[in-house]
Amino acid sequence: MPFPFLQLLFNSLIIGSVYALVAVGFSLIYSTNRFMHFAHGASVVIAGYSLFSFFTILGIPFALSSLLTLLLSAVVGYGMFKFVYQPLQNKKSSTVILLIASIAILILVENLVLLFYGAGVRSIGLLETAKGIAVGSANITPLQIILILISMILLLSLYLFLNKSRLGRDLRAVADNKELAAIMGLNTEKLLAISFIIGSALAGIAGILIGLEQNLDPTMGTSLMVKGFSGAVIGGIYSVLGSVLGSYIVGLVENFGSWYLPSGFKDAITFTLLFLFLLFRPVGLLGIEKGVKG
């Protein structure tokens, strides 16, 4: 059988786009708040199952269901910051405590989803399975093309927002030096909350897209969070562009690696790559020592 380079490349772009949305949201939150928000994966799960509830169960039109899902994701992200992380920070809790709290939230959300929706996979069922479009030796469905385009447009918009808008520059200032930003009159507490809102909304979009392209699974948040985290570290956890680059690298390595190894080794391939970067280049490909780099 000939080597399906083009098909593997398309598959890498599809899953890499989802990883990138998770990674940039995580990177933005980490850069400004300075702790590991692994409950970011919970936002993905909540978004996917919220869309399933609004659209499939309640029959709300898809556009309105998607808007409600994004709003809910943003509100949940803000709630995590306001009612969990901020009280812990006010008590001078260490980053280890914050990390444990984030993992606890992720596990709690996944178990609640398991309780209410069951262990079986769920499908949004928006579009019937469409015949793939032949591109050379590869096939890609219209939905997959839309997924890639939406992800790239959103990632470009985030880059422009961080570099061209006043709010984006304020977020970068807080990420670079929170104390100095406060001295210069910026409302750092408000900006930290905004980073959670934006990051969680991006995770919500990832949840919507993964729900449309694949089936929903109660534990998908953990898997996507691990891949998004890996992408952020590989590319540079303080860099938006780095997080995007790292996520696509993870997608490429997974898909091309699975051609030579069984598909069950995908996670092992990702962790091996992550381990090598942590050993030899912990700041990532485009990483810097501090701040959020556009």
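Shown above is the structure to which this text applies.
Calculation notes
- Residues numbered from 1 in each chain as written.
- Predicted model: local features only at pLDDT ≥ 70, side-chain atom pairs only at ≥ 80, totals over all residues.
- Heavy atoms only, no water.
- Helix = DSSP H or I, 4+ residues; strand = E, 2+ residues; numbered from the N terminus.
- Rg over C-alpha atoms; globule rule 2.2 N^0.38 Å.
- Buried < 20%, exposed > 50% of the residue type's maximum accessible area, 1.4 Å probe, protein only.
- Areas by Shrake-Rupley, 256 points an atom, 1.4 Å probe, with all protein chains shown as cover.
- Core = buried A, V, L, I, M, F, W, Y, C linked by side-chain atoms within 4.5 Å.
- Contact = heavy atoms within 4.5 Å.
- Phe/Tyr/Trp six-rings, centres within 6.5 Å; stacked < 30°, edge-to-face > 60°.
- Expected span 1.5 Å × (residues − 1).
- Polar contact = N/O pair within 3.5 Å; in protein donor to acceptor, adjacent residues only side chain to side chain.
- Salt bridge = Lys/Arg side-chain N within 4 Å of Asp/Glu carboxyl O.
- Arc of directions from axis to C-beta.

Chemist: Explain the overall build of the chain to me, using residue names and the numbers behind them.
Modeler: In terms of helices and strands, the chain carries eleven helices and two strands. Along the chain, helices and strands appear, N-terminal first, in the series α-α-α-α-β-β-α-α-α-α-α-α-α. Relative to the 2.2 N^0.38 estimate, which gives 19 Å for 294 residues, the radius of gyration of the chain is 19 Å and therefore close to what a compact globule would have. In terms of principal-axis extent, the alpha carbons of the chain reach across some 60 × 45 × 35 Å. Buried residues in the chain amount to 48% of all 294 residues. For the chain, the exposed area adds up to about 13800 Å²; of that, 70% sits on carbon and sulfur atoms.

Chemist: Can you lay out the nonpolar core for me, pointing to particular residues and giving the numbers?
Modeler: Counting 63 residues, the largest nonpolar core has Leu21, Val24, Tyr85, Leu155, Leu158 and Ile198 as its most contacted members. Contact partners of leucine 158, with chain neighbours within four places excluded, come to Val24, Ile198, Leu202 and Val240. In this structure, Ala23, Ala232, Ile237 and Tyr238 belong to the second largest nonpolar core, which totals eleven residues.

Chemist: Tell me about the packing of aromatic side chains, and name the residues and values.
Modeler: Summed over the entire model, instances satisfying the criterion amount to 13 aromatic pairs. Aromatic side chains phenylalanine 55 and phenylalanine 62 sit 5.7 Å apart centroid to centroid with 85° between the ring planes, which places their arrangement in the edge-to-face category. Taking the centre distance of 5.5 Å and the plane angle of 40° together, the rings of tyrosine 85 and phenylalanine 196 count as tilted. Of this pair, tyrosine 85 sits in helix H3 (residues 62-90) while phenylalanine 196 is found in helix H8 (residues 188-213), placing the two residues 111 residues apart along the sequence.

Chemist: Can you tell me about helix H10 (residues 240-260), naming the residues and giving the values?
Modeler: For H10, spanning 21 residues, the distance from its first C-alpha to its last is 31 Å, which sits close to the expected 30 Å at 1.5 Å a residue. If you check the start of H10, you find a side-chain oxygen 2.9 Å away from the backbone N of glycine 242, and it comes from serine 239.

Chemist: For the pattern of salt bridges, give the residues involved together with the corresponding values.
Modeler: Inspection of the entire model under this criterion finds two salt bridges. Between lysine 227 and glutamate 254 there is a salt bridge, and its shortest N-O distance comes to 2.7 Å. Of the two residues, lysine 227 is situated in helix H9 (residues 220-235) and glutamate 254 in helix H10; the sequence distance between them amounts to 27 residues. With respect to class, lysine 227 is no different from glutamate 254; both count as buried.

Chemist: Just give me the short version of the environment of isoleucine 237, but keep the residues and values in it.
Modeler: Within the secondary structure layout, isoleucine 237 lies in the loop between H9 and H10. The spatial distance from the C-alpha of isoleucine 237 to the C-alpha of phenylalanine 26 is 8.5 Å, given a sequence separation of 211 residues. Those residues within four positions of isoleucine 237 in sequence are excluded, and the remaining contacts are Phe26, Ser27, Tyr30, Ser31, Met36, Phe229, Ala232, Ser243 and Val283.

Chemist: Residue-level account of helix H11 (residues 266-280), with values.
Modeler: Counted at 1.5 Å a residue, the expected span for H11 with its 15 residues is 21 Å, and the 22 Å between its end C-alpha atoms agrees. Of the residues making up H11, those classed as buried are Ile269, Thr270, Leu273, Leu274 and Phe277. Seen end-on, H11 carries its buried residues on one side only, within an arc spanning 130°. Exposed side of H11, more than 90 degrees from the buried face: Phe275 and Leu279 are the residues found there. Elements in contact with the buried residues of H11: H9 and H10.

Chemist: Just give me the short version of unusual backbone geometry, but keep the residues and values in it.
Modeler: One non-glycine residue, arginine 34, lies in positive phi territory at about 65°. With respect to the secondary-structure elements, arginine 34 resides in the loop between helix H1 (5-33) and helix H2 (40-57). What makes arginine 34 partly exposed here is its relative accessible area of 31%. For lysine 92, which is not glycine, the phi dihedral falls at a positive 65°. If you trace the backbone, lysine 92 turns up in the loop between H3 and helix H4 (95-117). Looking at lysine 92, the relative accessible area reads 73%, which means it is exposed.

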